[in-house]
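Residue strings, one per chain:
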There are 2 protein chains.
Amino acid sequence: MRDRIAINGSRLIADLRTLAEFGRTANGIDRTAFSPADGEARRWLREAFAAAGLDAGIDAIGNVYGRCPQRRAILIASHSDTVATGGWLDGALGVCYALEIARSFRIDPDGPIGVDAIAFQDEEGAFLPCLGSTSFCGEPLDTSALRSRTGETFGAASARARFGDAAFRLNRNRHVAFIEPHIEQGPLLELEGRRLGIVDGIVGVRRFSVQSTGRADHAGTTPMAVRADAALPLFRLALWLHRSIGRIGSERSVCNVGAFAVRPGAVNVVPAAAELTLEFRDVDRAVLTRIEAALDAELGRLRRTSRATLTATCTAALDPAPMHAGLSAMLRQACNALGHPPLDLPSGAFHDALVMCRHVPTAMLFIPSRGGRSHTSEEDTAEDDIVLGCEALAEAVSRLINSGGLPE
Amino acid sequence: MRDRIAINGSRLIADLRTLAEFGRTANGIDRTAFSPADGEARRWLREAFAAAGLDAGIDAIGNVYGRCPQRRAILIASHSDTVATGGWLDGALGVCYALEIARSFRIDPDGPIGVDAIAFQDEEGAFLPCLGSTSFCGEPLDTSALRSRTGETFGAASARARFGDAAFRLNRNRHVAFIEPHIEQGPLLELEGRRLGIVDGIVGVRRFSVQSTGRADHAGTTPMAVRADAALPLFRLALWLHRSIGRIGSERSVCNVGAFAVRPGAVNVVPAAAELTLEFRDVDRAVLTRIEAALDAELGRLRRTSRATLTATCTAALDPAPMHAGLSAMLRQACNALGHPPLDLPSGAFHDALVMCRHVPTAMLFIPSRGGRSHTSEEDTAEDDIVLGCEALAEAVSRLINSGGLPE
C-alpha cells in the first residue's frame, strides 16, 4: 500500500481563521499588498512555513517562499494579499492548503520529491495584477513605473515594507508542477451540486473603453432629428453586446458593461459626452477574436447612424490559458478516489496560475463559493468543503509523488 | 395715420453689450440670481428704467419694475439673471426690448395705455425656477425652504442682496397684456430660414428618475443567466424611450436621457445599482399622458424580464401652456407688416410666460439663436435680427395701443 499525506482539517481551519484576523475591518479583510497588515500576515506565514519544516523566507517583492528539503518539489501556492474589502478565503485558502500539506508531508522524507509552498505578492494588483508570480517566473517586470491607486510609487511602498533582499525564482529543474487551489468565486459548483472543480482553462478577456462625443443642446428646444446625443449610440452598443454575446460567443462567454458615464449629466441637457467600459471573456481565443470582430462591425454601424463621434480603445487583451491536461487528470482521479467526481469548468477570474502556466505544468482545483460571492465580507465556503478540497489536493500530491512525478 | 413707436437699434445693442459686462467670466456670463453681479445689473437696470421715464424700483425678491405714467399698461418683461455659464442674450434680450420700447414711447403720453417693463428675478432657478414671476403673480410661494445648490438659504441670499422692501404685483386692472420676447434657444427658425417666431404654446414636461437595484457579481465568474445586472434594464429603457417617442408622441415631442450612473462602476463588476433621469416634452397634454402610460407599461415589462428591482419617481410634471390667441395674432400681424412672416412654433424651454399666462393674456416673440445654442458663451444672434425683433414688438405694441387694447 502506497504512502498518503493525511492532513489535519481542524488545524487547516484554525490557520485560515488566524490569517483572517490580519487586516480585519468593518467591511471585510483589507490586506492590500504592501499594507502593514499584508506585511504582518506575510511574516506570520514565514514563521508557519518554517515551523512546518520548510526553509522559509520573504524576498524583496514580498513573496513568502517555503522550500522543502527534497531536491525536487511540487509547488502549491496562491496569494495572501486581498482587495480592500476582501473575504477570508480567496488567495488565503491556497496558501493555507500549501502550508497544511507541507506540514503533513510524511512520504519518504529522504526521497527526491517534496512540497514547496508560496504566498505570492499582489495578485490583486494594488500595483500590478500577479506581481509576485510574474517576478517568481522571471518575466520582464519594470517596477519603476508602478504606482498604487493612491499614487504611492512601488519603490516607496517596497522601502516601507522592508521584506528582504532575495529574489525567489521558479526553477524548472526543481519545480515539477504547480497547483493553485482556490475558491470558485462563481456559482457553478453550487448550481451543479458539486463540491470540487477542476479548471480546464482560465478565460481570456478583451476590455474596451468607448468614448462618444456629441453636442450639448437644450433638451426642450432641439428637435430629435438634429441632435448629436453622445449617450444614445452607447446605449445601443451596451444592449447590442448583451444581446449578441450568446449568439456570437459560446455558451460559456460572458460580457459586462460595468461603467457608464454621461456629461454634463443634467436632465434637460442633451449628453455632450459619454463613456462606457465593456469586457467579454471566453476560454477559447477564436471566440474572443470573433466577438471582437463583431464589436468592430457594430461600432462601424453606430458611427454611420449616429451624429456622435465614437472612439474605442482596447485597454486589456489577455489570451485564454489552458491548464495542463495530465496534471488536471491526476487531480480529477484524486477527487474521484475520494468519492467526489469534480466538475470541469473554466476559471472566469484571473489567478497566479495564468502566469505560472506559461512556465511549468499547472493545474487549478476549485471549491464552492457560497452564492458565488467573493471579494466581499460575505465570501464563504462550508468548512467541510474547505477540508475536502485540501484532502483532494493531498491525495493528488500523494499520487504524483508515489508515481515519481508528472505523467506526460 | 396712426402713431408708431420708433425704436433706436444701435441704442438697444449698446444696452445689451453693457448688460453683458455684468458677471462676465472666462466661461460666459454669470449673473446667477442674488450674486453680486446680479445685484449690480439690477441696480443698473433700475437706473436705465428711470432714465426712460418709468417709475423704477427693485422689490424685496429682486424684481426690477419700471412703471409708466399711464393708468393701464402693456407689460414687456423677461429676466436678467443667467445660468452660471450664460450667454449675452437669453433673458437680457427681453429686458432690453422692454427698456427700449418704454424709452421710445411717444404715443399719446397722456393717453390711457403705456408700457411697463420688468426684469424678473431667478427665472433660471438658482433658488426656484420663475421665482420672480411667481412672486409677481402672487402665486403661493414659501421661500423659507428654498436653498441654492451651494446650500445657502434664501433668507441669507436675500439679506446679502438687500434689494428693497416692496412686493410688486400684477394688477389685472392695470396690466392688459404680457409679452415676453426671447431668443428661440433652438434651431427651428434658422432651419426654416425665418427671422421671427410666434410661440403657440410652451411645452409641458414629465421628468422621471429611475433607480435600478441589482447585485454586484464578478463579471468573469458569474454566468450571464444568473446575474442581476442593474444597468441592463436601464439601457433597455433609455433605448425604448428614444425609439418610441416619435411613434407614441407627436412629431413635436422630444425626449432626453440626460444622466446615467452605474455603481460600483468597475469594468469587471456586474453593476449593483444604476440610475437614469429621463424627460419628455410636448405642447399637447394628451400626448404627455399617452407617453407616460407607455412608459409605465414598459417599466412593467422590464420588471417582469429583469432580475433587478426598478423604481420610478416622477420628479417634475408641468402641463403645456397655450399662449393667448388674440395677442399672438396681433404679434403675427406686426411681423407680417414688417415683411417678415413669422414661424409658429412651440417653446421647448420654460419661461416666465409659463407663469404669467395663468393670470394675464400672454404671448411670446422669438428671434433666432445661432446654431440653436443657448446657456453657453456661444449663444448669439445677428444684430440685424435682434433689432428686427424689437421693431416687430414695437409695431405690435403700437397696434395694440392704437386699437385701444387687446382684441377678444
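Residues numbered from 1 in each chain as written. Chains lettered and ligands numbered in written order. Predicted model: local features only at pLDDT ≥ 70, side-chain atom pairs only at ≥ 80, totals over all residues.

Chemist: Is there a simple way to explain the sheet that holds strand S11 (residues 273-282) of chain A in this structure?
Modeler: Pairing between sheet strands relies on hydrogen bonds along the backbone, with the strands arranged either parallel or antiparallel. All names here are of chain A. Ordered in space as S10-S11-S9-S12, the four strands form an open sheet in which the pairing is antiparallel. Of all the strands in the sheet, the pair left with one neighbour each is strand S10 (254-263) and strand S12 (309-318). For this sheet, the mean inter-axis angle between neighbouring strands, taken without regard to orientation, is 15°. In the sheet, S10 pairs with S11 via nine bridges, with the strands oriented antiparallel. Counted as the bridge partner of asparagine 256 is glutamate 279 from S11. (Pairing = 2+ DSSP bridges. Helix = DSSP H or I, 4+ residues; strand = E, 2+ residues; numbered from the N terminus. Axes fitted to C-alpha atoms, helices over the stretch in contact; angles between N-to-C directions.)

Chemist: What exactly am I supposed to notice about the pairing of strand S9 (residues 204-213) of chain A here?
Modeler: A regular strand places its side chains so that they alternate between the two faces of the sheet. Residue and element names in this part refer to chain A. Bridge analysis of S9 against S11 gives 10 bridges, and the strand direction is antiparallel. Note that in S11 the partner of valine 205 across the bridge is arginine 281. Summarising the sheet, S9 and S12 pair through nine bridges and their orientation is antiparallel. Its bridge partner being in S12, arginine 206 is matched across the sheet by alanine 317.

Chemist: Even after reading the chapter, I still don't get the sheet that holds strand S11 (residues 273-282) of chain B, so can you show me in this structure?
Modeler: All names here are of chain B. With antiparallel pairing, four strands are arranged side by side in an open sheet as S10-S11-S9-S12. Of all the strands in the sheet, just strand S10 (254-263) and strand S12 (309-318) have a single pairing partner and so form its edges. In this sheet, neighbouring strand axes are inclined to one another by 15° on average, regardless of whether the strands run parallel or antiparallel.

Chemist: Looking at this model, I keep getting lost on the relation of the copies chain A and chain B. Mind explaining?
Modeler: Mapping between the two copies of the chain is achieved by a rotation about an axis and a shift along the axis. Overlay of chain A on chain B (RMSD 0.1 Å): rotation 180°, translation along the axis 0.1 Å. In symmetry terms, the pair is related by a two-fold rotation axis. When the interface residues of chain A are mapped onto chain B, 100% of them again fall at the interface, so both copies present the same face. (Least-squares fit on C-alpha atoms with pLDDT ≥ 70 in both. Contact = placed C-beta atoms within 7 Å.)

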